[in-house]
Amino acid sequence: MRPAPRDDVVAMEGYHSPQVDVDVRLNTNESPLGPPASFVAELTDAIAGVEWHRYPDRAARDLRAAIGSLHGRGHEQVFAANGSNEVLQSLCLAYGGPGRRAVTFEPTYALHGHIARVTGTEVVSAPRRDDFTLDLDVVRRTLESAQPTLTFLCSPNNPTGLVEPQEVVETVVEVATSLGSLVVVDEAYGQFAPWSAASLLDEELPLVVTRTYSKTWAMAAARLGYALAPTWVVDELEKVVLPYHLDAVTQLAGTLAVGHLAEMEARVAQLVEERGRLVAELAQLPVTVWPSGANFVLFRPDARAGDEVWKLLVERSVLVRNCASWPGLDDCLRVTIGTRDEDDAFLAALREILT
Ligand SMILES: *Cc1c(COP(=O)(O)O)cnc(C)c1O
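Residues numbered from 1 in each chain as written. Predicted model: local features only at pLDDT ≥ 70, side-chain atom pairs only at ≥ 80, totals over all residues. Heavy atoms only, no water.

(A) Molecular detail of helix α6 (residues 136-146). Residues of α6 that are buried include every one of Val138, Val139, Thr142, Leu143 and Ala146, and no others. The arc that holds every buried residue of α6, seen down its axis, measures 120 degrees, which confines them to one face. With respect to the buried face of α6, the exposed residues turned more than 90 degrees away are Arg141 and Ser145. Close packing links the buried residues of α6 with β3 (101-106), β4 (122-127), β5 (150-154) and α7 (166-179). In the stretch just after α6, Gln147 is the one whose phi turns positive, near 45 degrees. (Buried < 20%, exposed > 50% of the residue type's maximum accessible area, 1.4 Å probe, protein only. Helix = DSSP H or I, 4+ residues; strand = E, 2+ residues; numbered from the N terminus. Arc of directions from axis to C-beta. Contact = heavy atoms within 4.5 Å.)

This is the structure in structure tokens:
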């Protein structure tokens, strides 16, 4: 007889994001360009000096100090892990778990709910308005009835691109504070947005902001993300994460990347400009486009099924994210901002399909 996994795990679906072999990959919001060549050279040199027979720095002190310097904070307010997904998992392990609840506002990043469930945390989801904004009355009612220990926001929100206004985040934090709930603002695309909830961080507030190297820093392959949080949160996260979870190379990569901030910021500016061009071009086609503060754009063909358009794009060797069957996102597709050439290939294929 095969041993049975947990009943709730048996009932779960895994996380799927198809890795299809196409010419133009605009489906996972990666940076269209690799990191600067000077960074790769520095990292290659540094790897030669790794003491392979020794465990890496368990506290990842250099890395956390480097990240802290980006945000004007000390290393003790930074928790780093293998992708922001591991950060989210650590938050769920420390603050969620059996008998506890996490709240999400849909549509949003599917992994918030998925990771919470994997850790045995019950997930309570409330809807956003049709325009994907948060109704603060719904937020208040949901938190009061669910009494969650974790409340997830995502700004800019994936997959809608919507940036949560500061007043909204402040109100959610205020309600959560009165209920003893920890608010997690996932800012995987924070650098593309006009403001950051990191500006609200305070030792006295139950607020955590998560970031990643996967998107803006052009380092999805490195698997590195982090939380900016009060020290009392960081202390608990350090308890639940596996010892030596961040390998020596990942730590070096993340530390050295911080020395290339100016190039990263130049790329962000370039992608934001390209986003403006792509949105303007999409507006000429029979699709609905939502305003985005991230490096992707959500759109819905006016008169064609999203699934069908997605398949026809794949046939033209263009891969976008198919959100057509996600709750609240009927027929929607999400396209990552690529290079000008990639975006032109996408636009040409879409024009051919729709007109
Ligand atoms: C891409 C993404 C992440 C990144 O996860 P990593 O594990 O750091 O690669 C986190 N949150 C959101 C909303 C994302 O879109």
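(B) Focus on the domain arrangement of the protein chain. Taken domain by domain, the protein chain holds domain 1 (7-35 + 262-354) and domain 2 (49-260). Contacts between the two partners involve 34 residues from domain 1 and, on the opposite side, 27 residues from domain 2. Interface of domain 1 and domain 2: buried area, both sides summed, is about 2300 Å²; carbon and sulfur atoms make up 68% of it. If you sort the residues of domain 1 by the area they bury against domain 2, Tyr15, Met264 and Gly293 come out on top, with a joint share of 23%. Counting every contact that joins domain 1 to domain 2 gives zero salt bridges. (Domains from an automatic or database assignment. Buried area = accessible area lost by both parts, 1.4 Å probe. Salt bridge = Lys/Arg side-chain N within 4 Å of Asp/Glu carboxyl O.)

(C) Geometry of the packing of helix α11 (residues 306-315) against helix α12 (residues 340-354). Viewed as axis vectors pointing N to C, α11 and α12 meet at an angle of 125 degrees, and their least axial separation amounts to 10 Å. With respect to their mutual orientation, α11 and α12 come out oblique. Handedness of the crossing formed by α11 with α12: right-handed. Taking contact as the criterion, the partners of Val309, Leu312 and Leu313 in α11 are, on α12, Phe346, Ala349, Leu350, Ile353 and Leu354. When its residues are assigned to classes, the contact of α11 with α12 shows eight nonpolar, no polar and no charged. (Axes fitted to C-alpha atoms, helices over the stretch in contact; angles between N-to-C directions. Parallel < 35°, antiparallel > 145°, perpendicular 65-115°, else oblique. Left-handed = near helix turned anticlockwise from the far one by under 90°. Nonpolar A, V, L, I, M, F, W, Y, C, P; charged D, E, K, R; others polar.)

(D) Up close: the layout of surface pockets. Taken as a whole, the largest pocket encloses approximately 1400 Å³ of empty space. Taken together, 50 residues make up the lining of the largest pocket; nearest its centre are Tyr15, His16, Ser17, Leu111 and Arg321. When contributions to the lining of the largest pocket are tallied by element, the ones reaching two or more residues are α4 (83-95), β3, α5 (110-118), β4 and β11 (318-322). Sort the elements by how many residues they give to the lining of the largest pocket and α5 lands first, with five residues. (1 Å grid on protein atoms, 1.4 Å probe; cavity = no way out; pocket = protein on both sides within 12 Å on 5 of 7 lines; lining within 4 Å. Points joined across faces, edges and corners; volume = space filled by probe spheres on them.)

(E) Inspection of the nonpolar core at higher detail. One finds Tyr213, Leu282, Leu313, Phe346 and Leu350 to be the most contacted residues of the largest nonpolar core, which totals 75 residues. Not counting the four nearest positions on each side in its chain, Leu282 is found in contact with Val287, Val289, Val297, Phe346, Leu347 and Leu350. In this structure, Leu88, Leu182, Val234 and Val241 belong to the second largest nonpolar core, which totals 25 residues. (Core = buried A, V, L, I, M, F, W, Y, C linked by side-chain atoms within 4.5 Å.)

(F) Highlighting the side chain of Thr108. Within the secondary structure, Thr108 sits in the loop between β3 and α5. There is a polar contact of 2.7 Å between the side chain of Thr108 and the side chain of Asn157. Leave out the neighbours within four places in its chain, and Thr108 touches Cys154, Asn157, Asn158 and Pro159. (Polar contact = N/O pair within 3.5 Å; in protein donor to acceptor, adjacent residues only side chain to side chain.)

(G) Looking closely at the environment of Met12. Turning to its location among the elements, Met12 is positioned in the loop between α1 (7-10) and β1 (24-26). For Met12, a relative accessible area of 21% puts it in the partly exposed group. Considering only alpha carbons, one finds Met12 and His114, 102 residues apart in sequence, at a separation of 8.6 Å. Leave out the neighbours within four places in its chain, and Met12 touches His114, Arg117 and Val118.

(H) Looking closely at the pairing of β11. Buried residues dominate β11, accounting for five of its five residues. Looking at chain direction, β1 and β11 are connected through three bridges and run parallel. In the strand pairing of β11, Val24 is matched with Val318. Across two bridges, the pairing between β11 and strand β12 (residues 333-336) is antiparallel. Bridge pairing in β12 links Arg321 to Arg334. (Pairing = 2+ DSSP bridges.)

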